[in-house]
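Coordinate analysis (summary)
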Amino acid sequence: VRRGSSGRDAVTPAEAYFESLAWSEDDIAKVKSCYRRRFHLSLENHVKPVLTWLGDLGLSDAQVRKSVVGFPTLFTCSLENNLKPKEQWLLDLGLDNSQVAKAVARFPKICGCSLEANLKPLVQWLLDLGLGKSQVANVIARFPQICGYSLEANLKPLVQWLLDQGLDNSQVANAIARQLQICGLSLEANLQPLVQWLLDQGLDNSQVANVQICGLSLEANLKPKVRLLGARGLSQTDIVGTLAMCPQSLDHSLEKMAYRIGVLE
């Protein structure tokens, strides 16, 4: 057993293996810190099988490293009782192999979610909300972080709030299916001010439900851009039309918008 440069800690077989994969000291330290004094994972029974499974799933070496560093307890997940059944469940739900790989790479904590306590209730809730099975599969493929949200503390209050704003069930389902990032936003800090601002601009509830700008900052992004449109001569009716019909145009930087408007002028 050899020691690190500090001479304090013996290097375990797992650490030595990570070093052989050219993982940085910081990445190894992040994995090790999760286990504290219990960082004695079996190289053959824990580390290599999980890394191999991730690779076989389709993750690149960089994605494998990032997944493990982001969720080190992945090594404690049973391959046969957890990871492989979860992979098969995602495939049965309608995700293809590449989508499963992307979901794990984007949100490795999905591997720690319970099928019975988390994932299956989430899927049933989405179905009950009015999404079709293919839409549910698309939601999880595009935004796997939703699997980490609490139904009771996050998702159900969000839906009730949307209903309280006057949206009907189909509009709520459409908002969830099309604007996945909405699920991760704070009602008080993000959604309530944004929706009120959109209504103040002149959009109706149906238009608000379809506007895909929930991920944009109100103060740093939307308000300056609307001021720019007004300064360049667009009427309030035209601005409402832009927000309702062409919200993707607001994804551009303020400078790029100003340049494009200048070219058109």
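Okay, so let's go over this structure. Remember, predicted model here, so these are calculated numbers, not experimental data.

Points about the overall build of the protein chain
- When you go through the protein chain residue by residue, the secondary structure sums to 15 helices and zero strands.
- Out of the 265 residues in the protein chain, the part that is buried amounts to 42%.
- Considering only contacts in the protein chain between residues 6 or more positions apart, those separated by 24 or more positions represent 69%.
- Counting every atom, the protein chain has about 14100 Å² of accessible surface; 49% of that belongs to carbon and sulfur.

Comments concerning the packing of helix H5 (residues 79-93) against helix H8 (residues 133-142)
- Contact geometry of H5 with H8 gives a least axis separation of 9 Å together with a crossing angle of 135°. The angle between H5 and H8 falls in the class oblique. Residue-level inspection shows Leu90, Asp92 and Leu93 of H5 in contact with H8, the latter providing Lys133, Val136, Ala137 and Ile140.
- In terms of residue class, the contact of H5 with H8 is made up of five nonpolar, no polar and two charged.

Details of empty space enclosed by the protein
- Using the criterion set out here, one finds two cavities of 30 Å³ or more in the structure.
- Counted as a void, the second largest cavity has a volume near 40 Å³.
- Considering the residues around the second largest cavity, the lining is formed by Trp53, Leu83, Lys86, Glu87, Leu90, Val104, Ile110 and Cys111.
- Of all the elements, H5 adds the most residues to the lining of the second largest cavity, at four residues.
- Split into classes, the residues belonging to the lining of the second largest cavity amount to six nonpolar, no polar and two charged.

Quick look at the packing of aromatic side chains
- Within the structure shown, the criterion is met by three aromatic pairs.
- Ring geometry for Phe18 and Trp23: centres 4.5 Å apart, planes at 0°, overall stacked. Taken as a pair, Phe18 and Trp23 share a single burial class, namely buried.
- Note on Phe143 and Tyr149: the rings are 6.2 Å apart at their centroids and 45° apart in plane angle, and the pair reads as tilted.
- One aromatic cluster is present, built from ring pairs that chain together Phe18, Trp23 and Phe75.

With respect to the environment of Trp89
- Tracing the chain through its elements places Trp89 in helix H5.
- Here the alpha-carbon distance between Trp89 and Leu115, two residues 26 residues apart in the chain, equals 8.6 Å.
- If near-sequence neighbours (up to four positions away) are discounted, Trp89 is found in contact with Leu115, Leu119, Lys120 and Val123.

What about helix H7 (residues 115-129)?
- Given a rise of 1.5 Å per residue, 15 residues ought to cover 21 Å, and the 19 Å separating the end C-alpha atoms of H7 matches this to within 8%.
- Of the positions making up H7, those classed as buried are Leu115, Leu119, Leu122, Val123, Trp125, Leu126 and Leu129.
- Each element contacted by the buried residues of H7 is listed here: H5, H8, helix H9 (151-164) and helix H10 (169-178).
- Residue Ser114 occupies the N-cap position of H7, its side-chain oxygen lying 3.3 Å from the main-chain nitrogen of Glu116.
- Once H7 finishes, Gly130 follows within two positions and takes phi at roughly 120°, a positive value.

Remarks on the pattern of salt bridges
- Counted by the stated rule, this structure contains seven salt bridges.
- Lys84 is paired through a salt bridge with Glu80; the nearest N and O atoms lie 3.1 Å apart. Here Lys84 and its partner Glu80 are both found in helix H5, four residues apart, which amounts to about one turn of the helix.
- Looking at Lys84, the relative accessible area reads 37%, which means it is partly exposed.

Remarks on the environment of Thr52
- With respect to the helices, strands and loops of the structure, Thr52 is situated in helix H3 (residues 43-57).
- Classification of Thr52 by relative accessible area gives partly exposed; the value is 44%.
- Taking the C-alpha atoms as reference, Thr52 lies 9.2 Å from Val64; in sequence the two are 12 residues apart.

Quick look at unusual backbone geometry
- Phi at Ala22 takes a positive value of approximately 70°, unusual for a residue other than glycine.
- Look at Ala22 and you get exposed, because its relative accessible area is 67%.

Examining the packing of H9 against helix H11 (residues 187-201)
- Close contact between H9 and H11 brings their axes to 12 Å; oriented N to C, the two are set at 20°. Judged by the inter-axis angle, H9 sits roughly parallel to H11. Crossing of H9 against H11: the hand is right-handed. Facing Pro157, Leu158 and Trp161 of H9, the residues of H11 in contact are Leu187, Leu191, Gln192 and Val195.
- Considered class by class, the residues forming the contact of H9 with H11 number six nonpolar, one polar and no charged.

About the thresholds
- Residues numbered from 1 in each chain as written.
- Predicted model: local features only at pLDDT ≥ 70, side-chain atom pairs only at ≥ 80, totals over all residues.
- Heavy atoms only, no water.
- Helix = DSSP H or I, 4+ residues; strand = E, 2+ residues; numbered from the N terminus.
- Buried < 20%, exposed > 50% of the residue type's maximum accessible area, 1.4 Å probe, protein only.
- Contact = heavy atoms within 4.5 Å.
- Areas by Shrake-Rupley, 256 points an atom, 1.4 Å probe, with all protein chains shown as cover.
- Axes fitted to C-alpha atoms, helices over the stretch in contact; angles between N-to-C directions.
- Parallel < 35°, antiparallel > 145°, perpendicular 65-115°, else oblique.
- Nonpolar A, V, L, I, M, F, W, Y, C, P; charged D, E, K, R; others polar.
- 1 Å grid on protein atoms, 1.4 Å probe; cavity = no way out; pocket = protein on both sides within 12 Å on 5 of 7 lines; lining within 4 Å.
- Points joined across faces, edges and corners; volume = space filled by probe spheres on them.
- Phe/Tyr/Trp six-rings, centres within 6.5 Å; stacked < 30°, edge-to-face > 60°.
- Expected span 1.5 Å × (residues − 1).
- Polar contact = N/O pair within 3.5 Å; in protein donor to acceptor, adjacent residues only side chain to side chain.
- Salt bridge = Lys/Arg side-chain N within 4 Å of Asp/Glu carboxyl O.
- Left-handed = near helix turned anticlockwise from the far one by under 90°.

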